[in-house]
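# Close look at the chain arrangement
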Amino acid sequence: VVNNLDFVINDNEIFGIAGESGCGKTTTALSICHLLPKEGKVESGQILMEGIDYGTLSEEEIMKHRWEDVSIIFQGAMNAFNPVKKVGWQIAEACILHQGMSKEEAWKRAGDLFEMVGIARERVSQYPHEFSGGMKQRAMIAMALACSPKLIIGDEPTTALDVMIQAQILELLEKLRKELNMGMILITHDLSILSETCDKIAVMYAGKIAEMGTVDDIFNHPMHPYTQALLSAVPVPDPDVKMKRIILEGDIPSPANPPSGCKFHTRCKSCMEICKKEQPALCEYEPGHFVACHLYG
């Protein structure tokens, strides 16, 4: 499903991952946290966090690092909380289990985190059904911050929220990133979100990185035909600006039966004979700008 991904995230950096549904974005996030479903496994490779290879850790060992080193904001906060437990307790519980806090200390920490994300402290004793969608998303961010992790993974953290709440959540993540000096992976299919928040972006297609670079590289100098097609689909609010739409025919290939060569060649209008036979490597075409395409040698 995901194959040969290679990227680095630094402190105080937001790394965006974009692509169609089914391209492997969420699978990448779950692999890092050892949260793949029973049917999935990491067969090879390394997931390094400050020199520790997460890929070699047992489930018992990874639990010591989860929340403290890396935490995740799950897709769809509407269903992420236990409906019969108080929201504050679900955050306090992580502090008790991972940081050895007393119950009183953990409740105070939950209240502090609520205030940090813009929720009144006294609401720690309320249940999930008493929170709006935007407040649940903020509470989910508070939960992810409970043990002061070095890396947070946001798996489409603004899904199902209206535009104003989306902007507030993104502004909050940016503020917390700077204050806490943590790295962040932001997964989304909304390119406009990545353009406003990220330092670097990887565009995925069929389990591989098609192109990777800075925001300026991806939005102003896209090289891969797939990246160009994605950007051409972004709505432009100015009616006088005429955008040339690149229409991709067909669907993303099945990971169970991928095509030979470049996975994108079945939909690419620039396809050459070599594209059908050989998978292009992800090469650094310009400093910090990587692309996997035979068009560039």
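Rules and cut-offs
Residues numbered from 1 in each chain as written. Predicted model: local features only at pLDDT ≥ 70, side-chain atom pairs only at ≥ 80, totals over all residues. Heavy atoms only, no water. Helix = DSSP H or I, 4+ residues; strand = E, 2+ residues; numbered from the N terminus. Buried < 20%, exposed > 50% of the residue type's maximum accessible area, 1.4 Å probe, protein only. Contact = heavy atoms within 4.5 Å. Areas by Shrake-Rupley, 256 points an atom, 1.4 Å probe, with all protein chains shown as cover. Lys, Arg positive; Asp, Glu negative; His and termini not counted. Charge placed at Lys NZ, Arg CZ, Asp CG, Glu CD. Salt bridge = Lys/Arg side-chain N within 4 Å of Asp/Glu carboxyl O. Pairing = 2+ DSSP bridges. Axes fitted to C-alpha atoms, helices over the stretch in contact; angles between N-to-C directions. Phe/Tyr/Trp six-rings, centres within 6.5 Å; stacked < 30°, edge-to-face > 60°. Lys NZ or Arg CZ within 6 Å of the ring centre and 35° of its normal. Parallel < 35°, antiparallel > 145°, perpendicular 65-115°, else oblique. Left-handed = near helix turned anticlockwise from the far one by under 90°. Nonpolar A, V, L, I, M, F, W, Y, C, P; charged D, E, K, R; others polar. Core = buried A, V, L, I, M, F, W, Y, C linked by side-chain atoms within 4.5 Å. Patch = residues over 30% accessible without salt bridge, like charges linked within 9 Å, V, L, I, M, F, W, Y side chains within 5 Å.

## Concerning the overall build of the chain
Within the chain, the regular secondary structure consists of 9 helices and 10 strands. For the chain, with 297 residues in total, the buried portion stands at 45%. Counted over contacts in the chain with a minimum sequence separation of 6, partners at least 24 positions apart contribute 61%. By element, 52% of the accessible surface of the chain is carried by carbon and sulfur atoms, the whole surface being about 15,400 Å². The distance from the centre of the 28 positive side-chain charges to the centre of the 40 negative ones in the chain is 4 Å.

## So, the pattern of salt bridges
Per the counting criterion, the structure on display carries 12 salt bridges. When the shortest N-O distance is used, the salt bridge between Lys150 and Asp69 registers 3.3 Å. Here Lys150 is found in the loop between helix H5 (133–144) and strand E5 (151–155), whereas its partner Asp69 is found in the loop between helix H2 (59–65) and strand E4 (70–73), with 81 residues between them in sequence. On the accessibility criterion, Asp69 (11% relative accessible area) is buried. Here Arg121 ties to Asp112 by a salt bridge, and the two come within 2.3 Å at their closest N and O atoms. With relative accessibility at 30%, the residue Arg121 sits in the partly exposed group.

## Describing the sheet that holds strand E8 (residues 208–214)
Ordered by their spatial adjacency, 8 strands build an open sheet running E4-E5-E6-E1-E7-E8-E10-E9, and the pairing between neighbours is mixed. For this open sheet the edge positions go to E4 and strand E9 (283–286), each flanked by a neighbour on one side alone. On average, each strand axis in the sheet is inclined to that of its neighbour by 25°, with strand direction left out of account. By the bridge criterion, 2 bridges tie E8 to strand E10 (residues 289–291) in an arrangement that is antiparallel. By the bridge assignment, Met212 is partnered in E10 with Phe290. Along the sheet face, H5 touches E4 and E5 and points at about 170° away from the line of E4.

## Some words on the packing of aromatic side chains
Enumeration over the complete set of coordinates arrives at 7 aromatic pairs. Aromatic rings pair up to connect Tyr205, Tyr226 and Phe264 into one cluster. Cation over ring: Lys103 sits above Trp89, and NZ or CZ is 5.7 Å from the ring centre. Arg123 extends its terminal NZ or CZ atom over the ring of Phe131, reaching a point 5.1 Å from the ring centre.

## Overview of the packing of helix H3 (residues 87–99) against helix H4 (residues 103–116)
At their nearest, the axes of H3 and H4 sit 8 Å apart, and the two run at 120° to each other. Between H3 and H4, the angle is such that the two are oblique. Both H3 and H4 take part in a crossing whose hand is right-handed. Contact residues: H3 offers Val87, Gly88, Trp89, Ile91, Ala92, Cys95 and Ile96, while H4 offers Lys103, Ala106, Trp107, Arg109, Ala110, Leu113 and Phe114. Of the residues belonging to the contact of H3 with H4, the class tally is 11 nonpolar, 1 polar and 2 charged.

## Focus: the nonpolar core
Among the nonpolar cores identified, the biggest contains 76 residues, and Val70, Ile91, Phe114, Val117, Ile141, Leu145 and Ile153 are the most heavily contacted of them. Discounting residues that sit within four places of it in the chain, Leu145 has contacts with Arg109, Leu113, Met116, Val117, Ile152, Leu176, Leu180 and Met182.

## Overview of the pairing of E4
Alternating positions in E4 separate into two faces, Val70 and Ile72 on one and Ser71 and Ile73 on the other, with burial throughout. Of the pairings in the sheet, the one linking E4 to E5 comprises 4 bridges and is parallel in character. Across the sheet, the residue bridging to Ile72 is Ile153, located in E5.

## Side note on unusual backbone geometry
One non-glycine residue, Asn4, lies in the positive phi region at around 60°. As for its position among the elements, Asn4 is in the segment before strand E1 (14–18). The backbone of Ala206 sits at a positive phi, close to 50°, despite the residue not being glycine. With respect to the helices and strands, the residue Ala206 is situated in the loop between strand E7 (200–205) and E8.

## Considerations on a nonpolar patch on the surface
A cluster of nonpolar side chains, Val236, Val241 and Met243, forms an exposed patch at the surface whose accessible area comes to about 210 Å². Looking at the secondary structure, you find Met243 in the loop between helix H9 (225–232) and E9.

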